[in-house]
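Chain by chain, the residues:
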Amino acid sequence: MKTYYNPEDLKKFGKIGDFQKPLADKFFDYYGEVFKEGALTAREKSLIALAVAHAIQCPYCIDAYTTDTMEKGCDEEQMMEAVHVAAAIRGGASLVHATQMMNKANELSM
Amino acid sequence: MKSLKAQQSKLSNSTYELEVLEANTPTGFEETAFSQKLRGINLYPLKPTQIEILQINMGKMCNQVCKHCHVDAGPDRKEIMTQDVMQHCLDVIRQHDVKTVDLTGGAPEMNPNFRWFVTEIRKISQSVNIIVRCNLTIIVANPKYNDLPEFFKEHQIEVVSSLPYFTANKTDSQRGDGVFDKSIRALEMLNAVGYGVEGSGLTLNLVYNPSGAFMPAAQDALELEFKKRLKNGYNLVFNSLYTITNLPISRFLDYLINSGNYEAYMEKLISAFNPVAAANVMCRNTISVGWDGYLFDCDFNQMLDLKVAAEGSQHIADWNQAALTNREIIVKQHCYGCTAGAGSSCGGATS
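Scope of this entry: the structure provided in the associated data block. (Residues numbered from 1 in each chain as written. Chains lettered and ligands numbered in written order. Predicted model: local features only at pLDDT ≥ 70, side-chain atom pairs only at ≥ 80, totals over all residues. Heavy atoms only, no water.)

Right, let's get into the pairing of strand β5 (residues 204–208) of chain B. Residue and element names in this part refer to chain B. Among the 5 residues that make up β5, 5 are buried, leaving the element largely enclosed by the rest of the structure. Of the two faces of β5, the one lined by L204, L206 and Y208 and the one lined by N205 and V207 are each fully buried. Summarising the sheet, strand β4 (residues 157–162) and β5 pair through 4 bridges and their orientation is parallel. In the sheet register, S162 faces β5, and the bridge partner there is V207. Across 3 bridges, the pairing between β5 and strand β6 (residues 241–243) is parallel. Paired with V207 across the two strands is Y242, which belongs to β6. Between the parallel elements β5 and β6, the chain passes through helix α9 (residues 219–234) in a crossover that is right-handed. (Buried < 20%, exposed > 50% of the residue type's maximum accessible area, 1.4 Å probe, protein only. Helix = DSSP H or I, 4+ residues; strand = E, 2+ residues; numbered from the N terminus. Pairing = 2+ DSSP bridges. Right-handed = clockwise from strand over helix to strand, strands pointing away.)

As C-alpha coordinates, this is what we get:
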(Lines give C-alpha, C1' and ligand atoms only; values in the text may rest on other atoms or scores of the structure.)
Protein backbone atom coordinates (compact mmCIF):
# COMPACT_ATOMS: atom_id res chain seq x y z
CA MET A 1 0.00 0.00 0.00
CA LYS A 2 1.33 3.42 -0.93
CA THR A 3 1.59 5.92 1.91
CA TYR A 4 3.14 9.34 2.21
CA TYR A 5 5.10 8.25 5.28
CA ASN A 6 7.39 5.21 5.22
CA PRO A 7 9.43 4.36 8.36
CA GLU A 8 12.28 3.16 6.11
CA ASP A 9 12.63 6.70 4.71
CA LEU A 10 13.99 7.95 8.04
CA LYS A 11 17.25 6.11 7.30
CA LYS A 12 17.54 8.12 4.06
CA PHE A 13 17.52 11.47 5.85
CA GLY A 14 21.25 11.91 5.22
CA LYS A 15 20.62 11.59 1.49
CA ILE A 16 19.01 15.04 1.25
CA GLY A 17 22.59 16.08 0.50
CA ASP A 18 22.39 14.24 -2.83
CA PHE A 19 20.33 17.11 -4.26
CA GLN A 20 22.01 20.01 -2.48
CA LYS A 21 25.14 19.15 -0.51
CA PRO A 22 26.44 22.44 0.94
CA LEU A 23 23.16 23.30 2.64
CA ALA A 24 22.69 19.72 3.88
CA ASP A 25 26.19 19.73 5.33
CA LYS A 26 25.52 23.01 7.13
CA PHE A 27 22.23 21.68 8.46
CA PHE A 28 23.67 18.40 9.75
CA ASP A 29 26.66 20.14 11.32
CA TYR A 30 24.30 22.53 13.07
CA TYR A 31 21.99 19.68 14.08
CA GLY A 32 24.89 17.77 15.61
CA GLU A 33 26.06 20.84 17.53
CA VAL A 34 22.57 21.56 18.86
CA PHE A 35 22.20 18.12 20.43
CA LYS A 36 25.61 18.03 22.08
CA GLU A 37 25.85 18.22 25.87
CA GLY A 38 25.82 21.94 26.71
CA ALA A 39 24.10 24.19 29.22
CA LEU A 40 21.32 21.62 28.82
CA THR A 41 22.17 17.92 29.07
CA ALA A 42 21.84 15.69 26.01
CA ARG A 43 19.04 13.96 27.91
CA GLU A 44 17.08 17.19 28.45
CA LYS A 45 17.50 18.13 24.79
CA SER A 46 16.22 14.73 23.72
CA LEU A 47 13.06 15.17 25.85
CA ILE A 48 12.52 18.65 24.35
CA ALA A 49 12.92 17.13 20.87
CA LEU A 50 10.36 14.45 21.73
CA ALA A 51 7.87 17.10 22.86
CA VAL A 52 8.45 19.23 19.76
CA ALA A 53 8.10 16.14 17.55
CA HIS A 54 4.58 15.73 18.92
CA ALA A 55 3.76 19.42 18.58
CA ILE A 56 4.75 19.39 14.89
CA GLN A 57 3.34 15.85 14.52
CA CYS A 58 6.32 14.50 12.58
CA PRO A 59 6.14 10.67 12.50
CA TYR A 60 9.84 10.35 11.69
CA CYS A 61 10.81 12.57 14.62
CA ILE A 62 8.47 10.70 16.98
CA ASP A 63 10.10 7.35 16.08
CA ALA A 64 13.58 8.83 16.28
CA TYR A 65 13.15 10.63 19.60
CA THR A 66 11.19 7.85 21.28
CA THR A 67 14.23 5.66 20.65
CA ASP A 68 16.64 8.44 21.56
CA THR A 69 14.99 9.32 24.88
CA MET A 70 14.97 5.62 25.82
CA GLU A 71 18.64 5.45 24.88
CA LYS A 72 19.25 8.45 27.12
CA GLY A 73 17.79 6.50 30.05
CA CYS A 74 14.34 8.15 30.19
CA ASP A 75 11.34 6.06 31.17
CA GLU A 76 7.81 6.06 29.78
CA GLU A 77 6.48 8.36 32.50
CA GLN A 78 9.07 11.03 31.74
CA MET A 79 8.43 10.67 27.99
CA MET A 80 4.67 11.04 28.46
CA GLU A 81 5.15 14.10 30.66
CA ALA A 82 7.21 15.67 27.85
CA VAL A 83 4.32 15.05 25.42
CA HIS A 84 1.92 16.61 27.92
CA VAL A 85 4.10 19.72 27.93
CA ALA A 86 3.65 19.89 24.14
CA ALA A 87 -0.09 19.26 24.49
CA ALA A 88 -0.46 21.91 27.20
CA ILE A 89 1.30 24.54 25.08
CA ARG A 90 -0.76 23.61 22.01
CA GLY A 91 -3.99 23.67 24.02
CA GLY A 92 -2.99 26.87 25.75
CA ALA A 93 -2.13 28.47 22.42
CA SER A 94 -5.71 27.91 21.24
CA LEU A 95 -7.28 28.97 24.50
CA VAL A 96 -5.23 32.14 24.95
CA HIS A 97 -6.69 33.33 21.62
CA ALA A 98 -10.04 33.24 23.37
CA THR A 99 -9.06 36.62 24.82
CA GLN A 100 -9.17 38.00 21.25
CA MET A 101 -12.59 36.42 20.77
CA MET A 102 -13.73 37.96 24.04
CA ASN A 103 -12.37 41.37 23.06
CA LYS A 104 -14.18 41.23 19.73
CA ALA A 105 -17.39 39.92 21.29
CA ASN A 106 -17.30 42.71 23.88
CA GLU A 107 -16.63 45.26 21.13
CA LEU A 108 -19.70 44.11 19.21
CA SER A 109 -21.95 43.81 22.19
CA MET A 110 -24.14 46.47 23.76
CA MET B 1 8.47 -18.53 32.74
CA LYS B 2 10.65 -21.47 31.73
CA SER B 3 14.12 -21.46 30.19
CA LEU B 4 14.39 -21.83 26.41
CA LYS B 5 15.94 -25.23 27.07
CA ALA B 6 12.96 -26.41 29.12
CA GLN B 7 10.64 -25.08 26.41
CA GLN B 8 12.70 -27.09 23.89
CA SER B 9 13.08 -23.91 21.85
CA LYS B 10 15.23 -24.14 18.72
CA LEU B 11 17.18 -21.15 20.03
CA SER B 12 18.45 -23.21 22.97
CA ASN B 13 20.65 -24.95 20.39
CA SER B 14 23.83 -22.89 19.89
CA THR B 15 24.41 -24.20 16.35
CA TYR B 16 20.99 -22.93 15.35
CA GLU B 17 21.61 -19.61 17.10
CA LEU B 18 24.80 -19.10 15.13
CA GLU B 19 23.00 -19.96 11.90
CA VAL B 20 20.38 -17.32 12.64
CA LEU B 21 23.07 -14.73 13.39
CA GLU B 22 25.05 -15.52 10.25
CA ALA B 23 22.08 -15.83 7.91
CA ASN B 24 19.96 -12.87 8.89
CA THR B 25 22.20 -10.02 7.86
CA PRO B 26 20.07 -6.91 7.67
CA THR B 27 19.30 -5.51 4.24
CA GLY B 28 22.04 -3.26 2.95
CA PHE B 29 24.58 -4.74 5.36
CA GLU B 30 25.91 -7.58 3.20
CA GLU B 31 29.58 -6.72 3.70
CA THR B 32 29.39 -6.75 7.43
CA ALA B 33 31.02 -9.89 8.75
CA PHE B 34 32.42 -8.83 12.13
CA SER B 35 35.80 -10.31 11.18
CA GLN B 36 35.87 -8.05 8.09
CA LYS B 37 35.13 -5.05 10.23
CA LEU B 38 38.10 -5.92 12.48
CA ARG B 39 40.30 -6.50 9.44
CA GLY B 40 39.49 -2.96 8.32
CA ILE B 41 41.07 -1.57 11.48
CA ASN B 42 43.98 -4.04 11.59
CA LEU B 43 42.59 -6.00 14.54
CA TYR B 44 42.00 -9.31 12.76
CA PRO B 45 42.80 -11.92 13.85
CA LEU B 46 41.88 -10.62 17.28
CA LYS B 47 44.57 -11.52 19.81
CA PRO B 48 44.64 -11.31 23.61
CA THR B 49 46.68 -8.58 25.27
CA GLN B 50 47.25 -10.54 28.49
CA ILE B 51 45.17 -12.78 30.74
CA GLU B 52 44.18 -10.74 33.79
CA ILE B 53 40.62 -11.84 34.51
CA LEU B 54 39.32 -15.33 35.11
CA GLN B 55 35.54 -15.19 34.77
CA ILE B 56 34.02 -18.33 36.22
CA ASN B 57 30.45 -19.34 35.43
CA MET B 58 29.47 -21.40 38.47
CA GLY B 59 26.31 -22.73 36.92
CA LYS B 60 23.11 -21.96 35.09
CA MET B 61 20.88 -22.41 38.13
CA CYS B 62 19.15 -19.16 39.12
CA ASN B 63 16.20 -18.05 41.22
CA GLN B 64 15.18 -15.62 38.46
CA VAL B 65 14.21 -16.04 34.80
CA CYS B 66 15.12 -12.71 33.20
CA LYS B 67 13.75 -12.10 29.72
CA HIS B 68 17.09 -10.98 28.31
CA CYS B 69 19.34 -13.62 29.97
CA HIS B 70 22.13 -14.73 27.63
CA VAL B 71 22.78 -17.76 29.85
CA ASP B 72 19.14 -18.97 29.61
CA ALA B 73 19.44 -19.43 33.37
CA GLY B 74 16.61 -20.27 35.74
CA PRO B 75 15.37 -22.60 38.46
CA ASP B 76 14.91 -25.37 35.90
CA ARG B 77 18.61 -25.38 34.93
CA LYS B 78 20.59 -27.94 36.87
CA GLU B 79 24.06 -27.50 35.31
CA ILE B 80 26.38 -26.34 38.10
CA MET B 81 30.14 -26.45 38.65
CA THR B 82 31.53 -29.33 40.72
CA GLN B 83 34.10 -28.96 43.49
CA ASP B 84 36.53 -30.87 41.29
CA VAL B 85 36.37 -28.19 38.55
CA MET B 86 36.65 -25.47 41.22
CA GLN B 87 39.84 -27.14 42.47
CA HIS B 88 41.33 -26.85 38.97
CA CYS B 89 40.33 -23.15 38.95
CA LEU B 90 42.12 -22.68 42.28
CA ASP B 91 45.25 -24.28 40.84
CA VAL B 92 45.22 -21.82 37.92
CA ILE B 93 44.62 -18.84 40.22
CA ARG B 94 47.51 -19.98 42.42
CA GLN B 95 49.99 -20.68 39.60
CA HIS B 96 49.29 -17.80 37.24
CA ASP B 97 49.10 -14.08 37.66
CA VAL B 98 45.30 -13.79 37.81
CA LYS B 99 44.40 -10.30 39.03
CA THR B 100 40.64 -10.63 39.07
CA VAL B 101 38.36 -13.60 39.66
CA ASP B 102 34.86 -12.79 38.43
CA LEU B 103 32.18 -15.20 39.67
CA THR B 104 28.97 -15.34 37.68
CA GLY B 105 26.14 -17.69 36.79
CA GLY B 106 23.08 -18.12 37.03
CA ALA B 107 23.14 -17.14 40.65
CA PRO B 108 26.63 -18.24 41.74
CA GLU B 109 25.53 -18.22 45.39
CA MET B 110 23.17 -21.15 44.66
CA ASN B 111 26.10 -23.45 44.00
CA PRO B 112 26.43 -25.46 47.26
CA ASN B 113 30.23 -25.03 47.16
CA PHE B 114 30.12 -21.27 46.53
CA ARG B 115 31.25 -20.22 50.03
CA TRP B 116 33.99 -22.85 50.16
CA PHE B 117 35.27 -21.70 46.77
CA VAL B 118 35.33 -17.99 47.70
CA THR B 119 37.11 -18.80 50.98
CA GLU B 120 39.75 -20.85 49.15
CA ILE B 121 40.36 -18.10 46.57
CA ARG B 122 40.86 -15.55 49.36
CA LYS B 123 43.30 -17.93 51.11
CA ILE B 124 45.47 -17.95 47.97
CA SER B 125 45.80 -14.18 47.86
CA GLN B 126 44.69 -11.22 49.94
CA SER B 127 45.08 -8.91 46.96
CA VAL B 128 43.25 -10.74 44.17
CA ASN B 129 40.08 -8.88 43.29
CA ILE B 130 37.11 -11.21 43.72
CA ILE B 131 33.90 -10.10 42.03
CA VAL B 132 30.54 -11.74 42.67
CA ARG B 133 27.83 -10.97 40.13
CA CYS B 134 24.92 -11.05 42.56
CA ASN B 135 21.38 -10.73 41.23
CA LEU B 136 20.33 -9.10 44.56
CA THR B 137 17.08 -11.06 45.00
CA ILE B 138 19.01 -14.19 46.00
CA ILE B 139 19.92 -12.39 49.26
CA VAL B 140 16.25 -12.28 50.28
CA ALA B 141 15.13 -15.46 48.47
CA ASN B 142 15.70 -17.76 51.44
CA PRO B 143 16.86 -17.21 55.07
CA LYS B 144 20.00 -19.21 54.34
CA TYR B 145 21.15 -16.44 51.99
CA ASN B 146 20.32 -13.51 54.30
CA ASP B 147 23.89 -13.34 55.64
CA LEU B 148 25.47 -13.03 52.18
CA PRO B 149 26.28 -9.32 52.68
CA GLU B 150 28.28 -10.24 55.81
CA PHE B 151 29.97 -13.10 53.98
CA PHE B 152 30.89 -10.79 51.08
CA LYS B 153 32.30 -8.24 53.52
CA GLU B 154 34.32 -10.81 55.43
CA HIS B 155 36.03 -11.95 52.22
CA GLN B 156 36.42 -8.44 50.74
CA ILE B 157 34.28 -9.24 47.71
CA GLU B 158 33.38 -6.63 45.10
CA VAL B 159 29.64 -6.94 44.50
CA VAL B 160 28.30 -6.24 41.00
CA SER B 161 24.52 -6.32 40.72
CA SER B 162 21.98 -5.83 37.97
CA LEU B 163 19.35 -3.19 38.44
CA PRO B 164 18.00 -2.27 35.01
CA TYR B 165 16.16 0.81 36.23
CA PHE B 166 15.26 2.88 39.25
CA THR B 167 11.55 2.18 38.83
CA ALA B 168 9.60 -1.02 39.47
CA ASN B 169 7.79 -1.35 36.14
CA LYS B 170 10.89 -1.32 33.93
CA THR B 171 12.87 -3.56 36.30
CA ASP B 172 10.07 -6.08 36.72
CA SER B 173 9.27 -6.20 32.99
CA GLN B 174 12.79 -7.50 32.38
CA ARG B 175 13.56 -9.48 35.53
CA GLY B 176 10.16 -10.69 36.78
CA ASP B 177 7.30 -9.48 39.00
CA GLY B 178 8.39 -8.23 42.41
CA VAL B 179 12.10 -8.20 41.55
CA PHE B 180 12.44 -4.44 42.02
CA ASP B 181 11.11 -4.42 45.59
CA LYS B 182 13.26 -7.41 46.56
CA SER B 183 16.31 -5.78 44.93
CA ILE B 184 15.74 -2.61 46.97
CA ARG B 185 15.56 -4.69 50.18
CA ALA B 186 18.79 -6.48 49.23
CA LEU B 187 20.51 -3.16 48.46
CA GLU B 188 19.45 -1.88 51.89
CA MET B 189 21.08 -4.96 53.47
CA LEU B 190 24.27 -4.41 51.44
CA ASN B 191 24.38 -0.72 52.40
CA ALA B 192 23.78 -1.68 56.05
CA VAL B 193 27.07 -3.59 56.24
CA GLY B 194 28.89 -0.81 54.40
CA TYR B 195 28.67 -1.78 50.72
CA GLY B 196 28.63 1.29 48.49
CA VAL B 197 29.18 3.57 51.47
CA GLU B 198 31.96 6.13 51.05
CA GLY B 199 35.10 5.28 52.99
CA SER B 200 34.04 1.68 53.76
CA GLY B 201 36.34 0.16 51.14
CA LEU B 202 33.45 -2.14 50.16
CA THR B 203 32.54 -1.77 46.51
CA LEU B 204 28.99 -2.12 45.22
CA ASN B 205 28.60 -1.51 41.50
CA LEU B 206 25.31 -1.67 39.65
CA VAL B 207 24.67 -2.82 36.11
CA TYR B 208 22.17 -1.17 33.78
CA ASN B 209 21.11 -2.90 30.62
CA PRO B 210 18.24 -1.69 28.45
CA SER B 211 14.80 -3.24 28.98
CA GLY B 212 14.22 -3.68 25.27
CA ALA B 213 15.63 -3.33 21.77
CA PHE B 214 17.58 -0.14 22.26
CA MET B 215 21.09 0.94 23.19
CA PRO B 216 22.18 1.92 26.70
CA ALA B 217 22.49 5.55 27.75
CA ALA B 218 25.83 7.26 28.28
CA GLN B 219 27.31 5.67 31.40
CA ASP B 220 28.33 8.86 33.26
CA ALA B 221 25.02 10.64 32.76
CA LEU B 222 22.95 7.61 33.72
CA GLU B 223 25.09 6.97 36.80
CA LEU B 224 24.27 10.47 38.06
CA GLU B 225 20.56 9.89 37.42
CA PHE B 226 20.62 6.48 39.19
CA LYS B 227 22.48 7.94 42.17
CA LYS B 228 20.02 10.80 42.49
CA ARG B 229 16.93 8.62 42.16
CA LEU B 230 18.11 5.81 44.45
CA LYS B 231 19.28 8.28 47.10
CA ASN B 232 16.15 10.44 47.02
CA GLY B 233 13.65 7.62 46.59
CA TYR B 234 15.15 4.87 48.75
CA ASN B 235 18.15 6.37 50.61
CA LEU B 236 20.46 3.91 48.83
CA VAL B 237 24.06 4.42 47.74
CA PHE B 238 26.39 2.59 45.37
CA ASN B 239 29.79 3.18 43.74
CA SER B 240 29.64 2.98 39.93
CA LEU B 241 27.06 2.18 37.31
CA TYR B 242 28.08 -0.07 34.41
CA THR B 243 26.03 0.24 31.24
CA ILE B 244 25.91 -2.98 29.24
CA THR B 245 24.49 -3.57 25.76
CA ASN B 246 22.27 -6.62 25.34
CA LEU B 247 23.92 -9.08 22.97
CA PRO B 248 21.71 -10.77 20.39
CA ILE B 249 21.94 -14.31 21.71
CA SER B 250 19.77 -16.74 23.67
CA ARG B 251 16.68 -15.20 25.33
CA PHE B 252 17.40 -11.69 24.08
CA LEU B 253 17.69 -13.04 20.52
CA ASP B 254 14.41 -14.89 21.05
CA TYR B 255 12.83 -11.61 22.20
CA LEU B 256 14.27 -9.66 19.23
CA ILE B 257 12.94 -12.16 16.71
CA ASN B 258 9.50 -12.56 18.32
CA SER B 259 9.01 -8.81 18.72
CA GLY B 260 10.07 -8.03 15.13
CA ASN B 261 13.05 -5.99 16.34
CA TYR B 262 15.89 -8.27 15.22
CA GLU B 263 16.84 -6.62 11.93
CA ALA B 264 16.66 -3.03 13.18
CA TYR B 265 18.64 -3.92 16.31
CA MET B 266 21.43 -5.57 14.30
CA GLU B 267 21.50 -2.59 11.94
CA LYS B 268 21.89 -0.32 14.92
CA LEU B 269 24.74 -2.37 16.41
CA ILE B 270 26.54 -2.61 13.06
CA SER B 271 26.18 1.05 12.16
CA ALA B 272 27.37 2.06 15.66
CA PHE B 273 30.62 0.04 15.34
CA ASN B 274 33.31 1.89 17.29
CA PRO B 275 36.98 1.03 16.58
CA VAL B 276 38.07 2.25 20.04
CA ALA B 277 35.57 -0.07 21.70
CA ALA B 278 36.76 -2.87 19.42
CA ALA B 279 40.34 -2.44 20.61
CA ASN B 280 39.16 -2.61 24.23
CA VAL B 281 36.88 -5.67 24.11
CA MET B 282 37.00 -7.71 27.30
CA CYS B 283 37.90 -10.99 25.59
CA ARG B 284 41.43 -9.60 25.11
CA ASN B 285 42.22 -9.86 28.83
CA THR B 286 39.70 -12.46 30.04
CA ILE B 287 39.26 -16.21 30.02
CA SER B 288 35.77 -17.49 30.71
CA VAL B 289 35.36 -20.85 32.44
CA GLY B 290 32.16 -22.83 31.91
CA TRP B 291 30.38 -24.80 34.65
CA ASP B 292 31.93 -27.98 33.24
CA GLY B 293 35.46 -26.53 33.13
CA TYR B 294 35.72 -25.75 29.42
CA LEU B 295 37.40 -22.48 28.46
CA PHE B 296 35.96 -19.71 26.29
CA ASP B 297 36.88 -16.23 25.07
CA CYS B 298 33.93 -14.71 26.95
CA ASP B 299 30.66 -15.63 28.65
CA PHE B 300 28.79 -15.08 25.36
CA ASN B 301 31.03 -17.43 23.38
CA GLN B 302 30.54 -19.86 26.25
CA MET B 303 26.78 -19.82 25.73
CA LEU B 304 27.32 -20.33 21.99
CA ASP B 305 29.62 -23.26 22.81
CA LEU B 306 32.58 -21.70 20.96
CA LYS B 307 35.51 -23.12 22.94
CA VAL B 308 38.84 -21.27 22.89
CA ALA B 309 40.97 -21.89 19.81
CA ALA B 310 43.93 -23.05 21.93
CA GLU B 311 45.05 -26.55 21.11
CA GLY B 312 45.49 -28.76 24.16
CA SER B 313 44.20 -26.02 26.47
CA GLN B 314 40.44 -26.06 26.09
CA HIS B 315 39.73 -27.20 29.65
CA ILE B 316 40.72 -25.68 32.99
CA ALA B 317 42.44 -28.98 33.90
CA ASP B 318 44.72 -28.57 30.86
CA TRP B 319 45.48 -24.83 31.30
CA ASN B 320 48.41 -23.78 29.15
CA GLN B 321 49.15 -20.09 29.62
CA ALA B 322 51.25 -19.76 26.46
CA ALA B 323 48.67 -21.47 24.24
CA LEU B 324 45.90 -19.30 25.68
CA THR B 325 47.87 -16.06 25.39
CA ASN B 326 48.73 -16.77 21.76
CA ARG B 327 45.30 -17.96 20.68
CA GLU B 328 43.06 -16.25 18.15
CA ILE B 329 39.83 -15.03 19.71
CA ILE B 330 36.72 -16.40 17.99
CA VAL B 331 34.50 -13.62 16.66
CA LYS B 332 31.00 -13.87 15.20
CA GLN B 333 28.14 -11.47 14.46
CA HIS B 334 27.04 -11.22 18.11
CA CYS B 335 30.38 -9.48 18.82
CA TYR B 336 28.89 -6.27 17.39
CA GLY B 337 27.14 -5.95 20.76
CA CYS B 338 30.46 -5.26 22.50
CA THR B 339 31.72 -2.73 19.92
CA ALA B 340 28.63 -0.56 19.40
CA GLY B 341 28.56 3.03 20.59
CA ALA B 342 30.52 3.52 23.80
CA GLY B 343 31.31 -0.21 23.81
CA SER B 344 30.20 -2.82 26.30
CA SER B 345 31.84 -5.27 28.66
CA CYS B 346 31.16 -6.90 32.01
CA GLY B 347 32.78 -3.77 33.44
CA GLY B 348 30.53 -1.41 31.46
CA ALA B 349 31.44 1.00 28.64
CA THR B 350 34.88 0.58 27.07
CA SER B 351 35.50 3.91 25.32
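After presenting the structure, the write-up continues.
All names here are of chain A. Together, L10, F13, I16, F27, Y30 and V34 line one region of the surface with nonpolar side chains, adding up to about 510 Å² of accessible area. By secondary structure assignment, the location of I16 is in the segment before α1 (21–34). Residue classification places I16 among the partly exposed positions, given a relative accessible area of 42%. (Patch = residues over 30% accessible without salt bridge, like charges linked within 9 Å, V, L, I, M, F, W, Y side chains within 5 Å. Areas by Shrake-Rupley, 256 points an atom, 1.4 Å probe, with all protein chains shown as cover. Salt bridge = Lys/Arg side-chain N within 4 Å of Asp/Glu carboxyl O.)

Before going further, it helps to examine empty space enclosed by the protein. All names here are of chain B. Scanning all chains against the criterion turns up 2 cavities of 30 Å³ or more. Volume-wise, the largest cavity comes out at about 620 Å³. Surrounding the largest cavity, 34 residues form its lining, H68, H70, T104, S162 and R175 being those nearest its centre. Among the elements that take part in the lining of the largest cavity, β4 stands out by supplying 3 residues, more than any other. By residue class, the composition of the lining of the largest cavity is 15 nonpolar, 15 polar and 4 charged. When its volume is computed, the second largest cavity comes out at roughly 150 Å³. Lining the second largest cavity are 19 residues, with V281, C283, C298, C335 and C338 sitting closest to its centre. When residues of the lining of the second largest cavity are traced back to their parent elements, those giving at least two are α2 (34–40), α13 (299–303) and α15 (336–339). (1 Å grid on protein atoms, 1.4 Å probe; cavity = no way out; pocket = protein on both sides within 12 Å on 5 of 7 lines; lining within 4 Å. Points joined across faces, edges and corners; volume = space filled by probe spheres on them. Nonpolar A, V, L, I, M, F, W, Y, C, P; charged D, E, K, R; others polar.)

With that settled, the discussion passes to the packing of helix α2 (residues 42–55) of chain A against helix α4 (residues 76–96) of chain A. Residues and elements named next belong to chain A. Interaxial distance between α2 and α4 falls to 8 Å at its minimum, and their mutual angle equals 50°. Classed by the angle they form, the pair α2 and α4 counts as oblique. The hand of the α2/α4 crossing is right-handed. Residues R43, L47, L50, A51, H54 and A55 of α2 touch α4, and the partners they reach there are Q78, M79, A82, V83, A86 and R90. (Axes fitted to C-alpha atoms, helices over the stretch in contact; angles between N-to-C directions. Parallel < 35°, antiparallel > 145°, perpendicular 65-115°, else oblique. Left-handed = near helix turned anticlockwise from the far one by under 90°. Contact = heavy atoms within 4.5 Å.)

What follows concerns the interface of chain B and chain A. Chain B puts 14 residues into the contact, and the matching count from chain A is 11 residues. Taken together, both faces of the contact between chain B and chain A bury some 960 Å²; the carbon and sulfur share is 43%. For the pair chain B and chain A, the number of links is 4 salt bridges. Here E267 of chain B makes a salt bridge to K11 of chain A, at a shortest N to O gap of 3.2 Å. The interface formed by chain B and chain A includes 8 residue pairs in polar contact (both at pLDDT 80 or more). Secondary-structure elements contributing two or more residues to the side of chain B that touches chain A are α9 and α11 (262–271) of chain B. Ranked by residue count, the leading element in the side of chain B that touches chain A is α9 of chain B, at 3 residues. Grouping the constituent residues of the side of chain B that touches chain A by class yields 8 nonpolar, 1 polar and 5 charged. (Buried area = accessible area lost by both parts, 1.4 Å probe. Polar contact = N/O pair within 3.5 Å; in protein donor to acceptor, adjacent residues only side chain to side chain.)

All right, on to the layout of surface pockets then. Considering only enclosed or pocket space, the largest pocket measures out at about 1,700 Å³ in volume. Lining the largest pocket are 47 residues, with L10, D63, A64 and T67 of chain A together with K268 of chain B positioned closest to its centre. For the lining of the largest pocket, the elements supplying multiple residues, two or more each, are α1, α2 and α3 (59–71) of chain A together with α11 of chain B. The element best represented in the lining of the largest pocket is α3 of chain A, accounting for 10 residues. Split into classes, the residues belonging to the lining of the largest pocket amount to 27 nonpolar, 9 polar and 11 charged. Roughly 540 Å³ of volume is contained in the second largest pocket. Lining the second largest pocket we find 25 residues, and of these K72 of chain A together with A217, A218, Q219 and A221 of chain B sit closest to its centre.

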